[in-house]
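What the coordinates show
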Amino acid sequence: MDGNGRWAKERGLPRIEGHRQGVESVRDVVRTAGKIGVGYLTLYAFSAENWSRPRLEVSALMRLLEKYLHDEIDELNENNVRLEAIGCLKDLPERVQKQLQKTRQATAQNDGMVLVLALSYGSRREITDAVRDCARLVKEGKIAVSDINETLISNHLYTHSYPDPDLLIRTSGEMRISNFLLWQISYAELVVAPALWPDFRKDQFLGAISEYGRRDRRFGGI
Ligand code: IPE
Ligand code: MG
């Protein structure tokens, strides 16, 4: 989700106003994705690198996140959406961690779409953690070096219980991955949408889905 700051700047508004509008896009996209039968939707809401933003912007984002997690419970339940999170969740403020826990529990019984929020998430960190876990298993004699394969590594990523994404959408026209699910997107289709995230709503989302539908996926075959 990229472009909140630019959206605000274009209107002479503070950046946080862009983030606020961005929450509306989250609502719209989550609702639409659930309706059309998407199984898993992962939103890159806050990267490990985003901590380097000005302190005031970070705290405003954390407050918005806490509010979203609180306010959205009913809507998530109405739409049968289960909320989960990946990333270095221990880095989040205590209040956000508690609310995250509450929202997870309140939606845990839903068996429709899984909405995964990537929070304080960095893919290199995730892969490094997985490698460390595998090394530990070898050291403890639980596995042999030859047991380390792609499945084992995948099973030690934060995303171990989710399938790899079929489609990756980046908004605001930027042609970058920015440390997002590097391992998992090996065969994902990439769609770069020109819209800034606050302008990315149902129509833009369905547009990206139909572009995905026109792709010919060969997974290295012919
Ligand atoms: C939203 O967009 C991403 C978040 C971290 C919430 P940006 O804040 O990166 O917006 P731009 O790139 O400055 O326009
Ligand atoms: Mg940005």
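Residues numbered from 1 in each chain as written. Chains lettered and ligands numbered in written order. Predicted model: local features only at pLDDT ≥ 70, side-chain atom pairs only at ≥ 80, totals over all residues. Heavy atoms only, no water.

A few words now on the sheet that holds strand β2 (residues 82-86). Taken in spatial order, the three strands of this open sheet run β1-β3-β2, and their pairing is parallel. Looking at the sheet topology across the chains shown, the edges are occupied by β1 (40-47) and β2. Put simply, the sheet's adjacent strands are angled 20° from each other on average, direction ignored. Taken together, the seven bridges between β1 and strand β3 (residues 114-121) define a ladder with parallel strand orientation. (Pairing = 2+ DSSP bridges. Helix = DSSP H or I, 4+ residues; strand = E, 2+ residues; numbered from the N terminus. Axes fitted to C-alpha atoms, helices over the stretch in contact; angles between N-to-C directions.)

Between its first and last C-alpha, helix α5 (residues 94-107) extends 20 Å over 14 residues, near the 20 Å set by a 1.5 Å rise per residue. For α5, the set of buried residues is Val96, Gln99, Leu100, Thr103 and Thr107. Around the axis of α5, the buried residues are gathered within 105° of arc, so they sit on the same side. Relative to its buried face, α5 has exposed residues pointing more than 90 degrees away, namely Glu94, Lys98, Lys102 and Gln105. (Expected span 1.5 Å × (residues − 1). Buried < 20%, exposed > 50% of the residue type's maximum accessible area, 1.4 Å probe, protein only. Arc of directions from axis to C-beta.)

In the vicinity of ligand 1, the contacting residues are Met1, Asp2, Gly3, Asn4, Gly5, Arg6, Arg15, His19, Ala45, Asn50, Arg53 and Leu61. Between ligand 1 and the protein, one listed contact pairs an oxygen atom with a side-chain N or O atom of Asp2 at 2.9 Å. Measuring from an oxygen atom of ligand 1, one finds a backbone N or O atom of Gly3 at 3.3 Å. Calculation on ligand 1 without its partners gives an accessible area of 390 Å², and the protein chains cover 87% of this total. If you list the elements that add at least two residues to the shell around ligand 1, you get α1 (4-10) and α2 (15-36). A per-element tally of the shell around ligand 1 places α1 first, with three residues. Taken together, the residues of the shell around ligand 1 sort by class into three nonpolar, five polar and four charged. (Near = heavy atom within 4 Å. Polar contact = N/O pair within 3.5 Å; in protein donor to acceptor, adjacent residues only side chain to side chain. Areas by Shrake-Rupley, 256 points an atom, 1.4 Å probe, with all protein chains shown as cover. Nonpolar A, V, L, I, M, F, W, Y, C, P; charged D, E, K, R; others polar.)

Right, let's talk about the pattern of salt bridges for a bit. According to the stated counting rule, one finds 24 salt bridges in the structure shown. Notably, a salt bridge pairs Glu10 with Arg11, separated by 3.6 Å at the nearest N-O pair. Residue Asp129 is joined to Arg125 by a salt bridge in which the shortest nitrogen-to-oxygen separation is 3.7 Å. Highlighted residues: Asp129 and Arg125, both in helix α6 (residues 123-139), separated by four residues, approximately one helical turn. A residue is classified by how much of its surface remains accessible, and Asp129, at 19% relative accessible area, is buried. Among the residues examined, Arg125 registers a relative accessible area of 45% and is labelled partly exposed. Connected through salt bridges with shared partners, the residues Asp2, Arg6, Arg170, Glu174 and Arg176 form a single ionic network. (Salt bridge = Lys/Arg side-chain N within 4 Å of Asp/Glu carboxyl O.)

Scope: geometric values only; no functional claims are made or implied.
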